[in-house]
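Structural overview for review
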Amino acid sequence: MALFRGRERKTAAQIFTASMADIVFLLLVFFILTYKVEVDRTKMNLPDTWVRIKVPEKAAVVSIAPPDSDPPLTIRVSTGEEMSLPVSTDEEVVTFASTEVARNPNKEFIIKADDSVPYERVDAVLDALKQSKVKYIFLLSDQKTVDE
Amino acid sequence: MRIKKKKNVPSEIFTGSMADISFLLIIYFMITSAFSATRGLDFALPEDTQTPEIKQEDSIDVHVMRGGVIEVDQKGVPIEGLLPYVAQKLKQNPDKPVILRTDPDATYGDMILVFDELRQAPDKIDMEIKTISIPTRREIENLWSMLGIQ
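Residues numbered from 1 in each chain as written. Chains lettered and ligands numbered in written order. Predicted model: local features only at pLDDT ≥ 70, side-chain atom pairs only at ≥ 80, totals over all residues.

Secondary structure summary: chain B contains 5 helices and 6 strands in total. Split into buried and exposed, the 150 residues of chain B put 18% on the buried side. Across chain B, contacts joining residues at least 24 apart in sequence account for 68% of those joining residues at least 6 apart. (Helix = DSSP H or I, 4+ residues; strand = E, 2+ residues; numbered from the N terminus. Buried ≥ 20, exposed ≤ 12 C-beta atoms within 10 Å, placed from the backbone. Contact = placed C-beta atoms within 7 Å.)

Right, dumping it as structure tokens:
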């Protein structure tokens, strides 16, 4: 039996971080590929639907804010490439849509409205788009789930 | 005279700060990216040249009222009864269009609920509704004035 025991080597506890850079790069690539600029950031509760078709990129957006927002029921428009701007009258929606249709007769339009908005406001926007000879309209919605 | 040998310094790119830059970029993308809704219900508006004249009696008239109450051809119907009724009518005439009218004081959510139900016809009743028309209030009033209805 050995009388003298060798000194135990102390191993410093450490976290292995060599793969962290790889993970970060992977996440970075994911975010770069999926990054999209949201042209309208109006907070709202979209209606839920089972049928959902993918809306085209660069489609023009007309959003109607909820009745409890400040100011209520504000209409904002965006060409799909620039951030949305508020409009004060339905005639301005007609002017905006007509300009977009004149540039591209097949331009798609998205109506983004809160589900509590009185239909009267949506009807006015629909009417403005019809007057402007818009051909394709998408009504933005969230996915409906079984428990709803 | 003795000439000292030059030390060979290996050339390399300094990558020590790359992880910091990546973290900075990742934080930027995480904060600014938003998971926005990119799907919805679509519908195409008829062009002027092909606008068919739809008479109310030749179509299925779906009327959405306040609180999501539905009337189909002037009869109250629950949402579950809408497609079976439409299926009956489509068996007689598969080209029969559906007119979806909504009261101004109903909500957008009420209208979307019914529109979504009608769009599910191929899955639920195995029949396709060829035309779903969503007339605006102005169009309905114009039609009424043409027909002399106040």
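Scanning chain A from terminus to terminus reveals 3 helices and 8 strands. Each helix and strand of chain A, ordered N terminal to C terminal, gives the series α-β-β-β-β-β-α-β-α-β-β. A compact globule built from 148 residues should have a C-alpha radius of gyration of about 15 Å, whereas chain A, at 26 Å, is more than 25% larger. Counting the 148 residues in chain A, one finds 30% classified as buried. (Rg over C-alpha atoms; globule rule 2.2 N^0.38 Å.)

Every contact between the two is made by 38 residues of chain B and, on the other side, 42 residues of chain A. Of all the elements in the fold, those that place two or more residues in the side of chain B that touches chain A are helix 1 (18-32), strand 1 (39-44), helix 3 (108-119) and helix 5 (137-147) of chain B. Here the side of chain B that touches chain A takes 8 residues from helix 1 of chain B, the largest share from any one element. Of the residues in the side of chain B that touches chain A, the class split is 19 nonpolar, 10 polar and 9 charged. As paired strands, strand 7 (residues 136-140) of chain A and strand 1 of chain B are joined by 5 bridges and run antiparallel to one another. Counterpart to Leu-140 of chain A in the pairing with strand 1 of chain B is Gly-40 of chain B. (Nonpolar A, V, L, I, M, F, W, Y, C, P; charged D, E, K, R; others polar. Pairing = 2+ DSSP bridges.)

A separate point is the packing of helix 2 (residues 90-103) of chain A against helix 3 (residues 119-131) of chain A. Residues and elements named next belong to chain A. Two elements in contact, helix 2 and helix 3, have axes separated by 8 Å at closest approach and are oriented at 35°. Note on packing geometry: the crossing formed by helix 2 with helix 3 is right-handed. Note on element contacts: helix 3 touches helix 2 through Ala-124, Val-125, Ala-128, Leu-129 and Gln-131, opposite Asp-90, Val-93, Val-94 and Ala-97. Across the contact of helix 2 with helix 3, the residue classes break down as 7 nonpolar, 1 polar and 1 charged. (Axes fitted to C-alpha atoms, helices over the stretch in contact; angles between N-to-C directions. Left-handed = near helix turned anticlockwise from the far one by under 90°.)

This paragraph deals with the sheet that holds strand 5 (residues 85-87) of chain A. Spatial ordering of the open sheet is given by 2(A)-1(B)-7(A)-6(A)-3(A)-4(A)-5(A), a layout of 7 strands whose pairing is mixed. Both edges of this open sheet fall to strand 2 (53-54) and strand 5 of chain A, since each of them pairs with a single strand only. Examined bridge by bridge, strand 3 (residues 60-64) of chain A and strand 6 (residues 108-113) of chain A share 5 bridges and lie parallel to one another. Its bridge partner lying in strand 6 of chain A, Ser-63 of chain A is registered against Lys-112 of chain A.

What follows is about the confidence of the model for chain B. All names here are of chain B. Mean pLDDT over chain B stands at 84; residues scoring 70 or higher make up 85%. Of all helices and strands in chain B, the one with the weakest mean pLDDT is helix 1 (81), whereas helix 3 scores best (95). For this predicted complex, the interface confidence score (ipTM) comes to 0.78, while the overall pTM stands at 0.78. (pLDDT = per-residue confidence, 0-100.)

Looking now at unusual backbone geometry. Of note, the amide linkage connecting Asp-70 of chain A to Pro-71 of chain A takes the cis form, showing an omega dihedral of -10°. For Lys-58 of chain A, which is not a glycine, the phi torsion comes out positive at approximately 65°. Mapped onto the secondary structure, Lys-58 of chain A falls in the loop between strand 2 and strand 3. On the neighbour-count criterion, Lys-58 of chain A (12 C-beta atoms within 10 Å) is exposed. Phi at Gln-74 of chain B takes a positive value of approximately 65°, unusual for a residue other than glycine. By secondary structure assignment, the location of Gln-74 of chain B is in the loop between strand 3 (70-72) and strand 4 (75-76).

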